[in-house]
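# Reading the structure
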Amino acid sequence: MPKTQPVKPPSPSSRQRRLTPLGRTRRTEEQRELLTDVLGEDAPNIFSTLVRHPALYRKWLPFCLHLLTDSAFPDRERELLIIRTASLCGSDYELHHHIGLGSQAGLTDQELAALTGEATVKWPTRDRLLLAATDQLHAIHTIRGTTWHALTGLLTTEQLIELPMLVGHYILLAGTLSSLGVPIDGVPALPEPDTAPQPHSAG
């Protein structure tokens, strides 16, 4: 049976801001409309940053919200997968949001600590296999055959399809949040630049 080990998230590299969240007074009517489903004026920083690219945001948000609110996995397992992925990727932003959601969904304090490498837990078989799959998707971008075979006896077809897409989505978000320098909500933001960053010419 595959076993997983607690994973300590890497230290945050920097809190440098590269693209600040778009302030309320600088949003277009289209951007305000796009933020309606994620608290509107009070949209978290991830949304108020990504909405700077309205065309991409419009396509991405339904997929994001489906995984978050209409997952094929029970809430506890969804958060177990997300928190493990965020920890592996060192995504402080996602951990900040999902540790609380995980607690609300039924993960114990000891389990939450184990997911971020701060404790150990004797996971039940199903949890252990989900965590093994998450670790493998992060490390080698596929689920090993033995893990997959064991999961096929436990998960529905929908869950087998969603598992790598859910983990992959939060790997994508971790890289995007880190690359753009999106600040954790509640941390005072640096002043917004007067203009968008300009591309650098080569040479």
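Residues numbered from 1 in each chain as written. Predicted model: local features only at pLDDT ≥ 70, side-chain atom pairs only at ≥ 80, totals over all residues. Heavy atoms only, no water.

### Thoughts on the overall build of the protein chain
Cut-off, in case you're wondering: Put simply, DSSP marks the helices as runs of H or I at least four residues long and the strands as runs of E at least two long, and each gets a number from the N terminus on. Note on exposure labels: buried denotes an accessible area under 20% of the residue type's maximum, exposed denotes more than 50%, and partly exposed covers the range between, all computed with a 1.4 Å probe on protein chains only. Note on contacts: a residue pair qualifies if any of its non-hydrogen atoms lie within 4.5 Å across the two residues. Here the accessible surface of atoms and residues is derived via Shrake-Rupley with a 1.4 Å probe, and residues count as covered only by protein chains that are part of the display.
From N to C terminus, the protein chain includes 9 helices and 0 strands. In the protein chain, the order of α-helices and β-strands from amino to carboxyl end is α-α-α-α-α-α-α-α-α. Burial status across the protein chain gives 43% buried among its 203 residues. When contacts within the protein chain are restricted to residue pairs at least 6 apart in sequence, long-range pairs at least 24 apart make up 70% of them. Accessible surface for the protein chain amounts to roughly 11100 Å². Of this, 56% is attributable to carbon and sulfur atoms.

### Thoughts on the packing of aromatic side chains
Aromatic ring pairs are defined here through the distance separating the ring centres and the angle between the ring planes. Stated precisely, the cut-off is as follows: Pairing of aromatic side chains requires ring centres within 6.5 Å, counting the rings of Phe and Tyr and the six-membered ring of Trp. Pairs whose planes differ by under 30 degrees are stacked, by over 60 edge-to-face, and all others tilted.
Inspection of every chain in the model, using the stated rule, returns 2 aromatic pairs. For the pair Phe47 and Trp60, a centre-to-centre distance of 5.9 Å together with 35 degrees between the ring planes defines the contact as tilted. Of this pair, Phe47 sits in helix 2 (residues 45–50) while Trp60 sits in helix 3 (residues 54–69), placing them 13 residues apart in sequence. Across the pair, Trp60 and Phe47 agree in class, each one buried. Members of the aromatic cluster, connected to one another through ring pairs, are Phe47, Tyr57 and Trp60.

### Here's the deal with helix 5 (residues 92–105)
This is how it is decided: Here the expected length of a helix is defined as 1.5 Å per residue gap, with one fewer gap than residues.
With 14 residues, helix 5 ought to run about 20 Å at 1.5 Å a step, and its terminal C-alpha atoms sit 20 Å apart, in line with that. All of the buried residues in helix 5 are Tyr93, Glu94, Leu95, His98 and Gly102. Buried positions along helix 5 lie against helix 2, helix 3, helix 4 (75–89), helix 6 (109–115) and helix 9 (157–180). With its phi angle positive at about 115 degrees, Gly106 sits one or two positions after the end of helix 5.

### Description of the pattern of salt bridges
Under the convention used in this document: Salt bridges, as used here, are contacts in which a Lys or Arg side-chain nitrogen is within 4 Å of a carboxyl oxygen on Asp or Glu.
Taken as a whole and judged by the stated rule, the model has 11 salt bridges. Of the charged contacts, one joins Arg84 and Asp135 as a salt bridge, the two residues approaching to 2.9 Å between their closest N and O atoms. Taken together, the positions of Arg84 in helix 4 and Asp135 in helix 7 (residues 125–140) put the pair 51 residues apart, joining distant regions of the chain. You can call Arg84 buried: its relative accessible area is 1%. Using a relative accessible area of 16% as the deciding quantity, one classes Asp135 as buried. The network of salt bridges with shared partners includes Arg24, Glu41 and Asp42.

### A look at the nonpolar core
Convention followed: Throughout this description, the term nonpolar core refers to a set of buried Ala, Val, Leu, Ile, Met, Phe, Trp, Tyr and Cys residues connected via side-chain atoms within 4.5 Å.
Counting 44 residues, the largest nonpolar core has Val38, Phe47, Tyr57, Trp60, Leu130, Leu151 and Leu163 as the members making the most contacts within it. Sorting the residues of this core by element identifies helix 2, helix 3, helix 4, helix 5, helix 6, helix 7 and helix 9 as the ones contributing at least two each. Element by element, the count of residues in this core is highest for helix 9, at 7 residues. Each residue touching Tyr57, except ones within four places of it in the same chain, is listed here: Leu34, Leu35, Val38, Phe47, Leu50 and Val51.

### Description of the packing of helix 5 against helix 9
Counted only if it meets this: Between the N-to-C directions of two axes lies an angle of 0 to 180 degrees, each axis being a line fitted to C-alpha atoms and, for a helix, fitted only over the stretch in contact. By the definition adopted for this analysis, an angle is roughly parallel if under 35 degrees, roughly antiparallel if over 145, roughly perpendicular if from 65 to 115, and oblique otherwise. Gly is put with the polar residues, along with every residue not named as nonpolar or charged; the nonpolar set is Ala, Val, Leu, Ile, Met, Phe, Trp, Tyr, Cys and Pro, and the charged set is Asp, Glu, Lys and Arg.
In the contact formed by helix 5 and helix 9, the axes pass within 9 Å of each other and the chain directions differ by 125 degrees. With respect to helix 9, the element helix 5 is oriented oblique. Side by side, helix 5 and helix 9 meet where Tyr93, Glu94 and His98 of the first sit next to Tyr170, Leu173 and Leu177 of the second. By residue class, the composition of the contact of helix 5 with helix 9 is 4 nonpolar, 1 polar and 1 charged.

### Some remarks on the environment of Val167
Along the chain, Val167 turns up in helix 9. Note: C-alpha distance between Val167 and Ala133 (34 residues apart in sequence) is 9.1 Å. Apart from residues lying up to four places away in sequence, Val167 is in contact with Thr85, Thr134 and Leu137.

### Points about the confidence of the model for the protein chain
Just so we agree on the cut-off: Confidence per residue, as judged by the predictor, is encoded in pLDDT with a range of 0 to 100.
Considering every residue of the protein chain, the mean pLDDT works out to 89; 83% of them sit at 70 or more. Between residues 1–14, whose pLDDT stays under 50, and residues either more than four places distant or in other chains, the model counts 38 contacts.

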